[in-house]
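Observations on the model geometry
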Amino acid sequence: MPIRVRFAPSPTGFLTLGGARTALFNWLFARNAGGGFLLRIEDTDAERSREEYERDIREMLEWLGLTPDEEPVRQTERLDLYEQALKRLLDEHKAYWCFCSEEELEAAYQAQLAQGFSPKYSGKCRALPEEEVAERRKHGESAVIRFKVPEKVYSFTDLVRGRVEFNAGLIGDIVIAKGLREPLYNLAVVIDDADMKISHVVRGEEHISNTPKQLALYEALGLERPQFAHLPLILGPDRKKLSKRYLANALKDYRRDGYLPDALINFMVLLGWHPAVDREVISREDMVKEFTMKRVQKAGAIFNPEKLDWLNATYLKQLSLEQLVARLKDYLPPQLFSDDTSLLKVTALVRDRMKKLADFQKLAAFLFELPEYPPSLLNWKQNQPTVTRENLNVALTIVTECTAEPFTGRAVEGPIMALAAARGRGDVLWPLRVALSGQDASPGPIELIDTIGKEESARRIRVALAKLG
Ligand code: GLU
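The structure reproduced in this document is the subject of the present report. Predicted model, so just to flag it, every value in this text is computed and none were measured. (Residues numbered from 1 in each chain as written. Predicted model: local features only at pLDDT ≥ 70, side-chain atom pairs only at ≥ 80, totals over all residues. Heavy atoms only, no water.)

Section: the sheet that holds strand β5 (residues 144-147)
The test is simple: Note on pairing: DSSP must find at least two bridges between two strands before they are called paired. Strands here are runs of E lasting at least two residues and helices are runs of H or I lasting at least four, both read from the DSSP assignment and numbered beginning at the N terminus.
An order of β4-β5-β8-β9 is seen for the four strands of this open sheet, with the pairing classed as antiparallel. A strand with exactly one partner marks an edge of an open sheet, and here the two such strands are β4 (95-98) and β9 (182-183). Inspection of the sheet shows β5 paired to strand β8 (residues 174-179) by three bridges, in the antiparallel sense. When the bridges of β8 are listed, F147 appears paired with I174.

Focus on the side chain of D359
Worth spelling out the cut-off: Polar contacts, as counted here, are pairs of nitrogen or oxygen atoms within 3.5 Å of one another; within protein the pair requires one atom able to donate a hydrogen and one able to accept it, and residues that are adjacent in sequence qualify only if both atoms are side-chain atoms.
Among the structural elements, D359 can be located in helix α15 (residues 359-368). A distance of 2.8 Å separates a polar atom in the side chain of D359 from the backbone nitrogen of K355.

Quick notes on the pairing of strand β1 (residues 4-7)
Worth spelling out the cut-off: Categorising residues by exposure relies on relative accessible area from a 1.4 Å probe, with only protein chains included: less than 20% of the type maximum marks a residue as buried, more than 50% marks it as exposed, and the intermediate range marks it as partly exposed. Orienting the strands away from the viewer, one traces the path from the first strand over the helix to the second; a clockwise path indicates a right-handed crossover.
Residues R4 and R6 of β1 are buried on one face, and the alternating residues V5 and F7, pointing to the opposite face, are buried as well. The pairing of β1 with strand β2 (residues 36-41) spans four bridges and is parallel. Residue pairing in the sheet places F7 in a bridge with L39 of β2. Read as a crossover between parallel neighbours, the route from β1 over helix α1 (residues 17-33) to β2 is right-handed.

A word on the site of the ligand
Rules: Note on definitions. A residue lies near a molecule or strand when any single heavy atom of the residue is within 4 Å of it. Here the open area of atoms and residues is found with the Shrake-Rupley method and a 1.4 Å probe, where only the protein chains shown may cover a residue. Throughout this entry, Asp, Glu, Lys and Arg are counted as charged residues, while Ala, Val, Leu, Ile, Met, Phe, Trp, Tyr, Cys and Pro are counted as nonpolar. The remaining residues, Gly among them, count as polar.
Surveying the vicinity of the ligand reveals the residues R6, A8, P9, S10, E42, Y185, V189, R203 and H207. Here a nitrogen atom of the ligand and a side-chain polar atom of S10 are 3.0 Å apart. Within the side chain of R203, a nitrogen or oxygen atom sits 2.8 Å from an oxygen atom of the ligand. Relative to its unbound accessible surface of 300 Å², the ligand loses 80% to contact with the protein. The residue inventory of the shell around the ligand, partitioned by class, reads four nonpolar, two polar and three charged.

As structure tokens, then:
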């Protein structure tokens, strides 16, 4: 059987990092085996499904480079298929209409709990006479379709967890549809996986308790079951179930903050998988080559936000200055005064401190807009403003009278350093640096002049002189 896997999100929210991890493991498994990677939109929950979310899921997969090999399948377009299966199960008495009300079910469950049983459906509607069912349905009484879950043990060999057994006798008859054209997850997923010829179901561990129900449905419908691989849960740094804070963060938010797709892919692959030759930074090519379910762990995978930042910084450092600048286009402050050359300079000045693209604004803001600062900051140690003013005036003249074309920091470095040697390093370089940066800590004045250019440097020194009165 050819290898075919699917990512099957419900479009009830933006794609999360947890969802993307499932997509990635499916994609890697398929690429490694030369098989197919498919996308199925599980949109049968009409109330919670939204087109906006579906669009987001598809866009994010594209952005990550996890593009499906075939047109996505949408469950709401396949209602005929589910209806056929439901009719068959009803005809063959493997499923039945159930008229029990929510209140009735709730009361029965509470009673069972009170007696210390784990609750399951009593089977009350299992054996209603056909005429009665027809009559009640004709009168529009609300009803759901229940599947008679056989009371037996189901087992399967999970590619991650090994042999798994479930006593389906504990499950009770499950609701598989709210009507002939309103299938629920467990039914639809089985019909679709069989119809789409899915060879391996790779999904999160939270679905493992659904697997016996689905195995029972494969059996009842006479369909061949796929193989299963359940991926470990993702745990927070405290080893507790991952809090909303990290997992529920939409992938689009990571993109907005300037995490690179390659860094996220690298981070996600380590959430449950490790290469045989231990290392943290792994190329996509190597992942594809080396990926195997044998190396997927059973234990929960710890989400470490510092590691994500570290990986992202690592991938940012691998970019050339030009590549980095190209990616910064969406992160530039609107008051950007510079042309492309000075943007290159600004980026060179701050790139080492960037963990994500969005850091650029914060780190570079003072280069684009002079921050407010108190005049006293301009004075070196106990210097009087008059001394500071004199030194800044000479520096201003050096800058404005420089005729070098193009203007660079190098061109004024000689005279400014000579001035500093004559009048004292701190006395000259400190006020100049503060004037240019508006901050008490920053790169040196020559680098600053080089980055913001002649006009802006002169303007900033004049601002400082005005502050000194
Ligand atoms: N729609 C399910 C989900 O979003 C998919 C479960 C599965 O892969 O079988 O969790």
